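# Understanding the architecture of this molecule
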Amino acid sequence: MTGSEVPDVAEILEQLRLAEAKLARKRQLESGLTDTERSAMRYLLERVDTQEVTPTMIARALHLSPAAGTALLDRLVSRGLIDIEPHARDRRKKLVRPFDRNMDPDKLDPLTTRLRSLAAELTDLEARTVGSFLHKVLAAVASASPQTSG
């Protein structure tokens, strides 16, 4: 495509959706982790050395209900990836800790690292334009019912 051609954004979005679905299946087969589990581990590994991470923080960051967050963390505990401990000073709080603090979040999820790098290359104007568009796409995806997605 040359610089003067207008891209078929709808077609590119459809290609992206298909590629993402294919990638999700491949990554789950390779790692045994779902995208949500991988996202939770990345969130935890990126913060564990600088702040206390609670189950609520992970659920909120991943936009999960409390019940879904609990189920997610239970799966990670059962796989031996995390431990949930009582807080030393606040008995109402629990802390989430990875069993392997040396696990590399970039190795766990290299695509996120690459996408962050691509986003950093955008000019401020490009970032505002792309960000505005992606917020609209996100809203459309989030509000889609199973009957309207496809």
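Residues numbered from 1 in each chain as written. Predicted model: local features only at pLDDT ≥ 70, side-chain atom pairs only at ≥ 80, totals over all residues. Heavy atoms only, no water.

### A short note on the confidence of the model for the protein
For the protein, mean pLDDT is 88; residues scoring 70 or higher make up 94% of the total. At the low end of the mean pLDDT range in the protein sits helix 5 (residues 105–108), at 73; at the high end sits helix 3 (residues 55–61), at 96. (pLDDT = per-residue confidence, 0-100. Helix = DSSP H or I, 4+ residues; strand = E, 2+ residues; numbered from the N terminus.)

### Remarks on helix 7 (residues 124–143)
Taking 1.5 Å of rise per residue, 20 residues should cover 28 Å, and helix 7 covers 28 Å from first to last C-alpha, within 8% of that figure. For helix 7, a buried count of 0 out of 20 residues is recorded, marking the element as mostly open to its surroundings. (Expected span 1.5 Å × (residues − 1). Buried < 20%, exposed > 50% of the residue type's maximum accessible area, 1.4 Å probe, protein only.)

### Thoughts on the side chain of His87
By secondary structure assignment, the location of His87 is in the loop between strand 1 (82–86) and strand 2 (94–98). A distance of 2.9 Å separates the side chain of His87 from the backbone nitrogen of Arg89, its partner in a polar contact. Within the structure, His87 has its side chain in polar contact with the backbone nitrogen of Asp90 (distance 3.0 Å). When sequence neighbours within four positions are dropped, the list of residues in contact with His87 reads Glu52, Lys93, Lys94 and Leu95. (Polar contact = N/O pair within 3.5 Å; in protein donor to acceptor, adjacent residues only side chain to side chain. Contact = heavy atoms within 4.5 Å.)

### Brief notes about the environment of Arg101
Within the fold, Arg101 resides in the loop between strand 2 and helix 5. When its relative accessible area of 40% is taken as the criterion, Arg101 is described as partly exposed. On a C-alpha basis, the gap between Arg101 and Leu45 in space is 7.1 Å, while along the polypeptide they are 56 residues apart. In this structure, Arg101 is in contact with Val48 and Asp49, ignoring residues within four places of it in sequence.

### Points about the pattern of salt bridges
This structure, assessed with the given rule, holds 10 salt bridges. As a salt-bridge pair, Glu14 and Arg17 come within 3.4 Å of each other at their nearest N and O atoms. Linking Glu14 with Arg17, this pair stays in helix 1 (residues 9–31), spanning 3 residues, or about one helical turn. Residue classification places Glu14 among the partly exposed positions, given a relative accessible area of 28%. Residues Glu37 and Arg75 are paired through a salt bridge, measuring 2.6 Å at the closest nitrogen-oxygen approach. (Salt bridge = Lys/Arg side-chain N within 4 Å of Asp/Glu carboxyl O.)

### Overview of a nonpolar patch on the surface
A cluster of nonpolar side chains, Val9, Leu122, Val130, Phe133 and Leu134, forms an exposed patch at the surface whose accessible area comes to about 370 Å². No other element matches the 3 residues that helix 7 contributes to the nonpolar patch. Within the secondary structure, Val130 is located in helix 7. (Patch = residues over 30% accessible without salt bridge, like charges linked within 9 Å, V, L, I, M, F, W, Y side chains within 5 Å. Areas by Shrake-Rupley, 256 points an atom, 1.4 Å probe, with all protein chains shown as cover.)

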